[in-house]
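Okay, here's what each chain looks like letter by letter:
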Amino acid sequence: MPLVSMKQLLDLAEREDRAVGAFSVGNMEMVYGAVEAAESMDTPIILQIAEKRLSCSPFALMAPMMISAAKHSKVDIAVHLDHGITLPMVREALNYGFTSVMLDASLRPFEENVAMTKQVVALAKEFGATVEAELGVVGGNEGNGDHRSLCTEPDDAERFAAETGIDALAVAIGNAHGHYPALPALRFDVLEEINSRLSIPLVLHGGTGITPEMFRKAIHRGVRKINIATANFDALAAAAKEYCSGVSEADYFILTKQMRGGIYENVRYYISIFNNR
Ligand code: 13P
């Protein structure tokens, strides 16, 4: 039953100087394709879903499927709530058996972010689950509306980690969710400074559109979890489009296999970079 805690995967990644891919999923083909890709590369992954996506992919369907996929996988998999908005949702994820949770209070004032995150840490402890939190503002929209990036301050990061007791910190270094209008100039100097002051793994959101070289630089500076969402959704849509535009009548069984294949290739691509070999 290789459903494992996210902390376990991030600690192993730290020892092996690589990052774990956290792949956002929204339906069965995405879950299935991501797990097959991880198994084919004998590499652990994180399956995650953001609270914002639950209006399209109901939690009551997604959560048991994600947990079951992890339990039946040949590789270790952690199942994570990405960008939780409310504490009840965090509790619901933990009740489903998620091994990791994030409550994103990054838009709130520092002290409020600390207070809410401490509540999550206390709750997650009852379940033996990992906690990720975010400080600074990652641009784009994965939960709380559209935002411009606001860099994480290293002083704040140090205080935040010490006061909350989180397991992993998502940093804002010019990264953003969704498609970048142009290649972002990530603040590797800030990342390096944060990494030198914190002893916990760092998380990079907004992975879609970042180059392999930039990923490697981030990994070298303590990033152990990298989130990929948009590229996964795009890969599924592109695979469906490619199949459907080539036939006069689409066959559902071929279509579902094509979509799974699109995810499989996409996840393999990112794993090969994140493994950093
Ligand atoms: P992308 O959609 O840019 O890949 O970002 C994913 C993410 O950070 C999810 O939290």
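These lines cover the structure that appears in this document, whether it is placed above or below.

Reading guide: rules and limits
- Residues numbered from 1 in each chain as written.
- Predicted model: local features only at pLDDT ≥ 70, side-chain atom pairs only at ≥ 80, totals over all residues.
- Heavy atoms only, no water.
- Buried < 20%, exposed > 50% of the residue type's maximum accessible area, 1.4 Å probe, protein only.
- Helix = DSSP H or I, 4+ residues; strand = E, 2+ residues; numbered from the N terminus.
- Pairing = 2+ DSSP bridges.
- Axes fitted to C-alpha atoms, helices over the stretch in contact; angles between N-to-C directions.
- Left-handed = near helix turned anticlockwise from the far one by under 90°.
- Contact = heavy atoms within 4.5 Å.
- Nonpolar A, V, L, I, M, F, W, Y, C, P; charged D, E, K, R; others polar.
- Near = heavy atom within 4 Å.
- Polar contact = N/O pair within 3.5 Å; in protein donor to acceptor, adjacent residues only side chain to side chain.
- Areas by Shrake-Rupley, 256 points an atom, 1.4 Å probe, with all protein chains shown as cover.
- Expected span 1.5 Å × (residues − 1).
- Core = buried A, V, L, I, M, F, W, Y, C linked by side-chain atoms within 4.5 Å.
- Arc of directions from axis to C-beta.
- Right-handed = clockwise from strand over helix to strand, strands pointing away.

### Brief notes about the pairing of strand S5 (residues 130–135)
- The element S5 is extensively covered by neighbouring structure, given that 6 of its 6 residues are classed as buried.
- Relative to S5, strand S4 (residues 100–103) runs parallel, the two sharing 3 bridges. Considered in S5, the bridge of Ser 100 is made with Thr 130.

### Some words on the packing of helix H6 (residues 154–164) against helix H7 (residues 188–197)
- Where H6 contacts H7, the two axes come as close as 9 Å, and the packing angle between them is 30°. H7 is crossed by H6, and the crossing has right-handed handedness. Judged by residue contacts, Pro 154, Asp 155, Ala 157 and Glu 158 of H6 engage Val 190, Glu 193, Ile 194 and Arg 197 from H7.
- For the contact of H6 with H7, a count of residues per class yields 4 nonpolar, no polar and 4 charged.

### Quick look at the site of the ligand
- Looking at the ligand, there are 14 residues lining it, with Asp 82, Gly 206, Thr 208, Ala 229 and Thr 230 nearest.
- Between the ligand and the protein, one listed contact pairs an oxygen atom with a backbone N or O atom of Gly 178 at 3.1 Å.
- Between Thr 230 and the ligand, the recorded distance is 2.5 Å, taken from a side-chain N or O atom to an oxygen atom.
- Look at the ligand: alone it shows 300 Å² of surface, and the protein chains cover 100% of it.
- Contributions of two or more residues to the shell around the ligand are made by strand S3 (77–84) and strand S8 (223–228).
- Of the residues in the shell around the ligand, the class split is 3 nonpolar, 9 polar and 2 charged.

### A closer look at helix H2 (residues 28–40)
- Over its 13 residues, H2 extends 18 Å from the first C-alpha to the last, a length consistent with the 18 Å expected when each residue adds 1.5 Å.
- Taken as a whole, H2 has its buried residues at Glu 29, Met 30, Val 31, Gly 33, Ala 34, Val 35, Ala 37 and Ala 38.
- Along its buried surface, H2 packs onto strand S1 (20–24), strand S2 (45–50), helix H3 (59–71), S3, helix H9 (230–245) and helix H10 (252–274).
- The N-capping residue of H2, defined by a side-chain oxygen 3.2 Å from the backbone nitrogen of Glu 29, is Asn 27.
- Count one or two residues on from H2 and you reach Asp 42, which has phi positive near 50°.

### Examining the nonpolar core
- Residues Leu 47, Phe 98 and Leu 169 are the most contacted members of the largest nonpolar core, which totals 81 residues.
- Ranked by residues supplied to this core, first place goes to H10 with 8 residues.
- Val 4, Met 6, Ala 78 and Ala 168 belong to the second largest nonpolar core, which has 12 residues in total.

### What about the side chain of Thr 230?
- Topologically, Thr 230 is positioned in helix H9.
- Residue Thr 230 is classed as buried on the basis of its relative accessible area of 17%.
- Those residues in contact with Thr 230, other than ones at most four positions away along the chain, are Gly 178, His 179 and Thr 208.

### Digging into H3
- For H3, spanning 13 residues, the distance from its first C-alpha to its last is 18 Å, which sits close to the expected 18 Å at 1.5 Å a residue.
- Among the residues making up H3, those that are buried are Phe 59, Met 62, Ala 63, Met 66, Ile 67, Ala 69 and Ala 70. The arc that holds the buried residues of H3, viewed along the axis, is 160°, so those residues lie on one side. In this structure, H3 carries Ala 60 and Leu 61 as exposed residues pointing more than 90 degrees from its buried face.

### Considering the sheet that holds strand S7 (residues 202–204)
- Pairing in this closed barrel of 8 strands is parallel, and the strands run S1-S2-S3-S4-S5-S6-S7-S8 around the ring. Geometrically, the sheet is characterised by an average inter-axis angle of 25° between neighbouring strands, direction not taken into account.
- Strand contacts of helix H1 (residues 6–15): S1, S2, S3, S4, S5, strand S6 (168–171) and S8, with the helix running at about 120° to S8, the strand carrying the most contacts.

### Considerations on the pairing of S3
- Within S3, 8 of the 8 residues are buried, which leaves it mostly tucked inside the rest of the structure.
- In this sheet, S3 lies alongside S2 in parallel orientation, the contact comprising 6 bridges. Note on S3: the bridge partner recorded for Ala 50 is Asp 82.
- Viewed along the sheet, the connection from S2 through H3 into S3 turns out right-handed.
- Note: S3 against S4, 3 bridges, orientation parallel. Bridged to Gly 84 within S4 is Leu 103.
- At this point the chain moves from S3, through helix H4 (residues 87–96), to the parallel S4, and the crossover so formed is right-handed.

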